[in-house]
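Letter by letter, the chains look like this.
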Amino acid sequence: MRLLAGAGMLGSSRAASPFATRGVVLLPEDLTLKDWPDRVKQAGLTTVALHHGRSVFEVIKFVTSDPGRAFLDRSGELGIDVEYELHAMNELLPRWLFEQDQSLFRVNEKGERTPDWNLCVHSARALEVIAENAVAIARLLRPTTGRYFYWGDDGKPGCRCATCRELSDSEQALVVENRVAKALRRHDPRARLAHLAYSGTLSAPRRVKPEPNVFLEYAPIARRYDIPYSDQMEGKDGLGNLEANLRAFPAASAQVLEYWLDVSRFSRWRRPAVKLPWNRDVFLADVRAYAERGIRHVTSFACYIDEDYFKRYGEPGAISEYGAGLRQTL
Ligand SMILES: [Zn+2]
């Protein structure tokens, strides 16, 4: 119901845009810039997603704090949707379970079971624990859109046991997501879950098919930002990967998670932040390339655009140009 109300409130600007979701992904500490929700509204954006550094608990701690409640309240008043984009595997499958049952965890390239990253997706018990904990986190971090984002460990490999080895890391991720998506649907009937195509899971899955409530989320972190993405069909994180993924997932629900506004990426994830190297022409060409492929949901990380960033560099005009570019009819 909230989504329908939001669409009405945004009126004709939303109707004219080819993109139903126009979002930014922020860290809790970026909200030291207290008027982020108002900036999002002014830019004609629809959605803020909260992300984190090391732990999901950073986000839980924030939304239960006074500044976090103020952020959620103001976003609600403005009709801005709030979501949570989380590298959650460490919380979904706690590492201390390794002492109880090693078979839950992955086998590395040397053939050793290790609790370092991710899981063994052929462990029924691992999937069960993950599904239960996903629902537990969903009770604490409930998106206004019904769209959930529980990702694997950031850029880390999957299982190389004799059975898992048959599946790519994308397919292993999808096995987990299919299971979590079913569990979430029992908790929240409109729940949909992202399959993150990123780094080791950027290639399209073939041997595993997505559940109907699993949607593609495509994040080409290693692409170039000095030339349009349409000139990067091949090569590192090339656009061809999106096209392959769109043969496995519906385009209508697919979301692009971009880095155009991501000061943290351009700063190589180290403070102090650099000034955002915003390239409006590249951004607009990219928007066209995505729209031509049927994409209707676009977000960008905008991490490190916080109070300190404004003090150093002033108002980044990129936020309003980003919103305007996503609103224009192509
Ligand atoms: Zn395995």
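Given the structure is predicted, the values throughout are model-derived calculations rather than measurements.

So, on to the packing of aromatic side chains. A ring pair, where both rings are aromatic, is described by two values, the distance of the centres and the angle of the planes. Going through the model one piece at a time under the given rule, you end up with 13 aromatic pairs. On the basis of an interplanar angle of 50° and a centroid distance of 6.2 Å, the ring pair of F62 and F71 is categorised as tilted. Assigned by exposure class, F62 and F71 land together as buried. Ring plane angle 80° and centroid distance 5.9 Å describe the contact between Y225 and F266, whose orientation is recorded as edge-to-face. With a gap of 41 residues between them, Y225 in the loop between β8 (214–218) and α9 (240–245) and F266 in helix α10 (residues 263–266) connect regions that are remote in the sequence. In this structure Y225 comes out as buried when scored by relative accessible area, which is 11%. Note that R223 overlies the ring of Y225, its terminal NZ or CZ placed 4.1 Å from the centroid. Taking the ring centre of Y259 as reference, the NZ or CZ of R265 above it sits at 5.8 Å.

Strands sit in the order β1-β2-β3-β6-β7-β8-β9-β10 around a closed barrel of eight strands; the barrel is parallel. Ignoring which end each strand starts from, the neighbouring axes of this sheet average 30° apart. Bridge count between strand β1 (residues 21–26) and strand β10 (residues 297–301): five bridges; the pairing is parallel. By the bridge assignment for β10, R22 is matched with V298. Here helix α5 (residues 66–78) sits on the sheet and contacts β2 (47–50) and β3 (81–87); the angle it forms with β3, its principal contact strand, is near 135°.

What follows is about the coordination of the zinc ion. For the zinc ion, the protein coordination sphere consists of C120 (SG), C159 (SG), C161 (SG) and C164 (SG), at 2.3 to 2.4 Å. In this structure, the zinc ion is surrounded by four donor atoms whose angles at the metal cover 104 to 115°, and the resulting shape is tetrahedral. In the primary structure, the donors to the zinc ion are separated according to the pattern C-x38-C-x1-C-x2-C. Residue C120 is found in the loop between β5 (113–114) and α7 (124–140), and its partner C164 is found in the loop between β6 (147–151) and α8 (169–187); the two are separated by 44 residues along the sequence. Each of the two residues, C120 as well as C164, counts as buried.

Each pocket or cavity is described by its volume, and for the largest pocket that value is around 760 Å³. In terms of lining residues, the largest pocket is bounded by 29 residues, among which H52, G53, R54, H87 and D154 are the most central. Here the lining of the largest pocket is built from residues that sort into 13 nonpolar, six polar and ten charged.

As a further point, take the confidence of the model for the protein chain. Per-residue pLDDT for the protein chain averages 94, and the proportion of residues at 70 or more is 95%. In the predicted structure, residues 1–14 sits below a pLDDT of 50 and forms 23 contacts with residues beyond four places in sequence or in another chain.

What follows covers the pairing of β1. Remember that side chains alternate between the two faces of the sheet whenever the strand is regular. When you tally the buried positions in β1, you get six out of six residues, the bulk of the element. Of the two faces of β1, the one lined by T21, G23 and V25 and the one lined by R22, V24 and L26 are each fully buried. Pairing of β1 with β2 involves four bridges; the strand directions are parallel. Across the sheet, L26 pairs through a bridge with L50, a residue of β2. In this view, the connection linking β1 to its parallel neighbour β2 by way of helix α3 (residues 36–42) has right-handed handedness.

Right, let's get into the pattern of salt bridges. One pass over the structure, following the stated rule, counts 20 salt bridges. A salt bridge links R106 to D116; the nearest nitrogen and oxygen atoms lie 2.9 Å apart. Taken together, the residues span a long stretch of sequence, with R106 in strand β4 (residues 106–107) and D116 in the loop between β5 and α7 at a distance of ten residues. For D116, a relative accessible area of 31% puts it in the partly exposed group.

On to the pairing of strand β9 (residues 255–258), then. Residue alternation in β9 divides its side chains into two sets, Q255 and L257 and V256 and E258, and both sets are buried. In this sheet, β9 lies alongside β8 in parallel orientation, the contact comprising two bridges. Of the residues in β9, the one forming a bridge with E217 is Q255. Sheet analysis places β9 next to β10, joined by four bridges and oriented parallel. Bridging from a neighbouring strand, V256 pairs with V298 of β10.

Turning next to the side chain of R147. Of note, R147 is situated in strand β6. By relative accessible area, R147 is classed as buried at 4%. Within the local environment of R147, its side chain forms a polar contact with the side chain of E83, the two groups lying 2.8 Å apart. Of note is the side chain of R147, whose polar atom sits 2.7 Å from the side chain of Q255. Look past the residues within four positions of R147 in its chain and what remains in contact with it is T21, E83, R192, F215, Q255 and H297.

Thresholds, definitions, all that
- Residues numbered from 1 in each chain as written.
- Predicted model: local features only at pLDDT ≥ 70, side-chain atom pairs only at ≥ 80, totals over all residues.
- Heavy atoms only, no water.
- Phe/Tyr/Trp six-rings, centres within 6.5 Å; stacked < 30°, edge-to-face > 60°.
- Buried < 20%, exposed > 50% of the residue type's maximum accessible area, 1.4 Å probe, protein only.
- Helix = DSSP H or I, 4+ residues; strand = E, 2+ residues; numbered from the N terminus.
- Lys NZ or Arg CZ within 6 Å of the ring centre and 35° of its normal.
- Pairing = 2+ DSSP bridges.
- Axes fitted to C-alpha atoms, helices over the stretch in contact; angles between N-to-C directions.
- Contact = heavy atoms within 4.5 Å.
- Donors = N, O, S within 2.8 Å, 3.2 Å for Na, K, Ca; no water.
- Tetrahedral: all angles 85-135°; square planar, octahedral: opposite > 155°, others 65-115°.
- 1 Å grid on protein atoms, 1.4 Å probe; cavity = no way out; pocket = protein on both sides within 12 Å on 5 of 7 lines; lining within 4 Å.
- Points joined across faces, edges and corners; volume = space filled by probe spheres on them.
- Nonpolar A, V, L, I, M, F, W, Y, C, P; charged D, E, K, R; others polar.
- pLDDT = per-residue confidence, 0-100.
- Right-handed = clockwise from strand over helix to strand, strands pointing away.
- Salt bridge = Lys/Arg side-chain N within 4 Å of Asp/Glu carboxyl O.
- Polar contact = N/O pair within 3.5 Å; in protein donor to acceptor, adjacent residues only side chain to side chain.

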